[in-house]
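# Coordinates in review
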Amino acid sequence: MEKMARVTTALGGNTLSGRTMFCHLDAPANAISVCRDAAQVVVAGRNIFKIYSIEEEQFVEKLNLRVGRKPSLNFSCADVVWHQMDENLLATAATNGVVVTWNLGKPSRNKQDQLFTEHKRTVNKVCFHPTEVYMLLSGSQDGYMKCFDLRKKDSVSTFSGQSESVRDVQFSIRDYFTFAATFENGNVQLWDIRRPDRYERMFTAHNGPVFCCDWHLEDRGWLATGGRDKMVKVWDMNTTRAKEIYCVQTIASVARVKWRPECKHHIATCSMMVDHNIYVWDVRRPFIPSAMFEEHKDVTTGIVWRHLHDPYFLLSGSKDSTLYQHIFKDASQPIDRANPEGLCYSLYGDLAFAAKESLISSDSNRKPYIGDRRHPIFFKRKLDPTEQFEYISSSSALSVFETDVESGSMDWFVHTAKQYALAGRPLAELCDHNAKVAKGLDRNQVAQTWTMLRIIYSSLGTVSSANLNHSMGKGSAALPLMNSFNLKDIPSGLGSESRLDRSKGESRTENILMDSSSTLINNEDNEETEGSDVPADYLLGDVEADEDDLYMMDHENPHAEEQEYSLPQEAFPLRHEIVDNPSALDHLQDKADSPHVSGNEAETVSLTPVESFSLISISHSLYENRLPSDFFSPIVRDTLLFYAEQGDVQTAVSVLIVLGERIRKEIDEQTQEHWYTSYIDLLQRFQLWNISNEVIKLSTCRAINCLNQASTTLHVNCSNCKRPMSNRGWICDRCRQCASMCAVCHHVVKGLFVWCQGCSHGGHLQHIMKWLETSSHCPAGCGHLCEYT
Amino acid sequence: MNRLGSGPVGSAAAAAAGQYRVCGNCRKVPRQEKRVQVSPPLTRGPSAFIPENEVMQANGLDERTNLLVEEYSTSGRLDNITQVMSIHTQYLESFLRSQFYMLRMDGPLPLPYRHYIAIMAAARHQCSYLINMHVDEFLKTGGIAEWLNGLEYIPQRLKNLNEINKLLAHRPWLITKEHIQKLVKTGENNWSLPELVHAVVLLAHYHALASFVFGSGINPERDPDTSNGVRLIAVNNFCVCDLANDNNIENASLTSSNFGNVMVFLQIADSLSELEALMERMKRLQEDKEDEEASQEEMATRFEKEKKESLLVISGAFDDDIVSTDVSRYIEDPGFGYKDFARRGEDHLPTFRAQDYTWENHGFSLVNRLYSDIGHLLDEKFRMVYNLTYNTMATHEDVDTTMLRRALFNYVHCMYGIRYDDYDYGEVNQLLERSLKVYIKTVTCYPERTTKRMYDSYWRQFKHSEKVHVNLLLMEARMQAELLYALRAITRHLT
């Protein structure tokens, strides 16, 4: 509590000072109210009714109003209010429906003054007239509001809301005769105290109960209401129709609202359930609270500003049995924690970036965007039309960075998505098909992945034997070359490295060998290439690929480099990282290039010389042993992870779907779900609805699968009365007509309904199709020339 | 059309399908079986208690027919519950809407789970009617048939729900946040809060619905279509005698304690004056409201008294409860039943203060937060049932029945230990006669023991539709009570 500030404010003579502090109550509080001089506070609840004085450092219990041996239900308070004119006068609303007034001036211990037992149900709210000493208003669960004159024994008038329970009543601060009442059914009524027969105005403010309302302290026409629908609304009552001028959406149902003194647009709220914090909102800025008090550990039940003219002290009582004084200086301000920059990527690679103007302008001065030589960048700036908030000068700049059409093109994605086959055929065929698709789009690496998958997973199947021979034949045709090359030029280091791996029983041996050989080939042909983009694990597919493929793969590399374009660094450095080559490859290359090291390692581990045969024999043994496809699961898993990491979630998901059970167990559910959602999101952004649906349907994730079951409702309006049809799509509840009749057979259409957009006649899809084959006029006889395409 | 199971067609088909079981109940108590045969209650129509023509009575025909047509077109059938409830069209609409939502619309739980939970809930009260219905639905929505063999065959996750099901059904006040924590934090079998809330809503709904089924003597479904094999078999899994409307007609302890019966005999003579007296009392209560200044202690003791007295209504345990195996495989600890909230001599549990955790303020917000929209539907349903009135009482018209409705509602809550500060429980005593209390207590706490005699013995002047209305009130009050306890526990878990 060291950080807590001490605040002193001068208020025309009397000063308020204090710090954030709290005291424990014996029981949960239901409501609190403050004395006019801001020095005392009363706390009321089911089992508590006490007055505390607010000292500099602490709350001091002044008076316990719960007296008597057997506390009756009259003490069980739902609400309490302290008269703002008379320091000795308090009123409480009891849960059993009794309204009690208390006179602190009484000499006896029992300060109870009057008892009004007129309400039949719990009284939710009591309210004193702001200027009239003897006038008290109550609102009860039984739907009645009663006005009491404290000089009389009974109520002077009763107001019937004619609707459900009254949740809150508040006298208007400026209008002598007016009070507002809020109801459980969402209505707010305005009454003239002199006319108990009928309300002056009524309007529906919320969906569900309106728990609270508060008149603005200065602006006489403003009324704030808070409801169970998690909204705080500010109504302008000056016009003939109450007009909603502000609306704040909170995260839980709103239990209390209180305008902040001296701040025209600020309002404090607390919630009924779940959320324990107190928020102070600027109603013009409804998305983020301007201050937040997070001290309470259970729901806050009562909030009150300590003084009518002091905006810095807030008192609150809570179900966690504490009474707090909050100081504005100690409030946490969520705005400070909010991220003031926004960044969004468009579908086609454009990038929008919004930030505080100051930030952007200083940066752009320092570094004009000319750094990138290949791609023009457009920089647009838009200022916010008006300065909206008084104390935060918030003008922000929006920059849009466009990439040129060609390099950012995502055509390949769309084509791939459209052409991939994901199910319905044997695995081998699917793989072949997809490999062909990938190849057709110059994505050789992906193509090879597919081929590889085919080999791994369908080698045991019947289809595969031919394929296998084929690939082996090819492999053996292509490989001896490499083999000899290896033997000739590679120093023993490489051989022994492979030996080392083999002796460890590692599965990677073959791959590493293959990889290094291919790298070497590449190096020979093209000295300048940094290395192939292909990570080690995937090269198994090379068995089938001929040398051209290898070169093509090589070409891909500079291409990838071309794709990368640099944006101003401070804006978005991300893109660079994505395109970076995987480090694993470099590592491998290192090994190949520095034979000595590995050679030494080999010597230390295994001294038995093994003939440095290589690829061909290994690959033979590989096939002959018919390793179970499980054996490759880790590799395939890594492949998928690799693709996903690269941003090619399409490949990852497609493989996942095609392989189905074979690989599903290997990858944890959450990752899968993440991939699926990303892919589906992408598909939907490209408006590939059918494909995204197919993906959803084929996915094995529970969370994804049920996406298709969500919001499957289609809302239709009746064609006669134009009102929404609530339950059935073909019969209107209101006008009792079958809305969608088939113009051909005159029966109700319950399934697919097709209609002409010109004359809006239609019917069964089949019937209309058949009709329009022979006739070009509308079957309804309206004379319209309908078209069916 | 044959009544299922009793007709040769039904049993033959069942036997042919190899699904027929010898009912443990019949074997054990053959006399009961005979009794059913000798004096079958009204086997025609949707209810055993209510004559068919009463149910089918035409009032507000258009609206009602529309609603029924609608229901038929959505669900493809018109079950007996719907038919009986259709006496109160307005209510039926919101009932169906909420039931439809929790069973078939978007929600955290998969469809088969929902039906299985319904089965588990109904099984707590041995309500074979509901079980049949949902076994059927469970299979239709792709549930695993193996689960129907009993609780040992279901996933641990569902099994974990047993405890809360048991408590909720019989002694909801025992539910604590520890129970919630146990469900929510158990590693891989855990329930997410939305799922749990969905499950709790389903459980409460089906416990309460079981009350309605027994309370209104809902008959087993007549076979809508003999060609529909699945349905036939599913229904035939249960023997007629399971249809508990009749099964406990001569209940040992009822005859011994005999409250109900004695009252019945005494009151037959002056049933007419009984109604008059009730009206008189209501009038007096309304007028005397101001005069009678009961002290606060007095009020408190009245609640306690009512609580205690609810003990006397039926005391003693029905230890000889027979639970057929068909039902018992869905429940654990079948002996666990309602135990009076206020047992004398035991430390009594803290009373649930209705004002501290109300449905409108707290329950709704929580439910709606975790399982969106159900809050609105339930809210509407509760409101509907609470405010439903035709301003009639038996033959009298233009009567304000608010008092009576409130007494019924609060009496149910009272038995579950929920107290309203603003209610004078003396009213309950004045308005609800003993036989009615017997009925209320049976229907809400152990619905499976309801008999036609109980149903007939109270309010003999009243129309059947009014008695159905009573049942609706009891059912919703019970559901709300269960929900309040469960949601309060969840709230405590959250804070």
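- As named in an unreviewed UniProt entry, chain B is Sestrin-3 isoform X1, taken from Pipra filicauda.
- For the record of chain B, the UniProt heading Subcellular location (unreviewed entry) holds the text "Cytoplasm".
- Chain B has a UniProt comment under Sequence similarities (unreviewed entry) that states "Belongs to the sestrin family."

- Labelled according to an unreviewed UniProt entry, chain A appears under the name GATOR2 complex protein WDR24, originating from Pipra filicauda.
- What UniProt records for chain A under Catalytic activity (unreviewed entry) is the sentence "S-ubiquitinyl-[E2 ubiquitin-conjugating enzyme]-L-cysteine + [acceptor protein]-L-lysine = [E2 ubiquitin-conjugating enzyme]-L-cysteine + N(6)-ubiquitinyl-[acceptor protein]-L-lysine."
- The UniProt entry for chain A carries the following comment under Subcellular location (unreviewed entry): "Lysosome membrane".

## Notes on the overall build of chain A
- Looking only at helices and strands, one finds 20 helices and 35 strands in chain A.
- Burial status across chain A gives 52% buried among its 789 residues.
- Of the contacts formed within chain A by residues at least 6 apart in sequence, a portion of 51% connects residues at least 24 apart.
- Looking at chain A as shown, the accessible area adds up to about 38100 Å², and 51% of this sits on carbon and sulfur atoms.

## Side note on the packing of helix α7 (residues 89–104) of chain B against helix α21 (residues 374–387) of chain B
Residues and elements named next belong to chain B.
- Between α7 and α21, whose axes approach to 9 Å, the crossing angle comes to 155°. When the axes of α7 and α21 are compared, the pair comes out roughly antiparallel. Between α7 and α21 lies a crossing of left-handed hand. Of the residues in α21, those in contact with Gln90, Tyr91, Ser94, Phe95, Arg97, Ser98, Tyr101 and Met102 of α7 are Ile374, Leu377, Leu378, Glu380, Lys381, Met384 and Val385.
- Grouping the constituent residues of the contact of α7 with α21 by class yields nine nonpolar, three polar and three charged.

## Describing the sheet that holds strand β10 (residues 99–103) of chain A
All names here are of chain A.
- With antiparallel pairing, four strands are arranged side by side in an open sheet as β8-β9-β10-β11. Every interior strand has two partners, whereas the edge strands, β8 (77–82) and β11 (112–116), have only one. Put simply, the sheet's adjacent strands are angled 20° from each other on average, direction ignored.
- Pairing of strand β9 (residues 89–94) with β10, which is carried by five bridges, proceeds in the antiparallel orientation.

## Quick look at the pattern of salt bridges
Residues and elements named next belong to chain B.
- If you walk through the whole model with that rule in mind, you get 36 salt bridges over all chains.
- Notably, a salt bridge pairs Arg97 with Glu93, separated by 3.1 Å at the nearest N-O pair. With Arg97 and Glu93 both in helix α7 and four residues apart, this pair spans about one turn of that helix.
- Taking the relative accessible area as the measure of exposure, Arg97 reaches 35% and is therefore partly exposed.
- With a relative accessible area of 32%, Glu93 lands in the partly exposed category.

## Considering the interface of chain B and chain A
- The interface is formed by 31 residues belonging to chain B together with 38 residues belonging to chain A.
- Both sides together, the interface formed by chain B and chain A hides about 3100 Å², and carbon and sulfur atoms give 45% of it.
- Summed over the shared surface of chain B and chain A, the number is four salt bridges.
- Across the pair Asp422 of chain B and Arg121 of chain A runs a salt bridge whose closest N-O atoms are separated by 3.1 Å.
- Inspection of the chain B/chain A interface yields 12 residue pairs in polar contact (both at pLDDT 80 or more).
- Among the secondary structure elements, those contributing two or more residues to the side of chain B that touches chain A are α5 (61–75), α18 (296–313), α20 (359–370) and α21 of chain B.
- No other element matches α20 of chain B, which puts seven residues into the side of chain B that touches chain A.
- For the side of chain B that touches chain A, a count of residues per class yields four nonpolar, 11 polar and 16 charged.

Scoring rules and cut-offs
Residues numbered from 1 in each chain as written. Chains lettered and ligands numbered in written order. Predicted model: local features only at pLDDT ≥ 70, side-chain atom pairs only at ≥ 80, totals over all residues. Heavy atoms only, no water. UniProt positions renumbered as here; feature names shortened; annotations may be inferred. Helix = DSSP H or I, 4+ residues; strand = E, 2+ residues; numbered from the N terminus. Buried < 20%, exposed > 50% of the residue type's maximum accessible area, 1.4 Å probe, protein only. Contact = heavy atoms within 4.5 Å. Areas by Shrake-Rupley, 256 points an atom, 1.4 Å probe, with all protein chains shown as cover. Axes fitted to C-alpha atoms, helices over the stretch in contact; angles between N-to-C directions. Parallel < 35°, antiparallel > 145°, perpendicular 65-115°, else oblique. Left-handed = near helix turned anticlockwise from the far one by under 90°. Nonpolar A, V, L, I, M, F, W, Y, C, P; charged D, E, K, R; others polar. Pairing = 2+ DSSP bridges. Salt bridge = Lys/Arg side-chain N within 4 Å of Asp/Glu carboxyl O. Buried area = accessible area lost by both parts, 1.4 Å probe. Polar contact = N/O pair within 3.5 Å; in protein donor to acceptor, adjacent residues only side chain to side chain.

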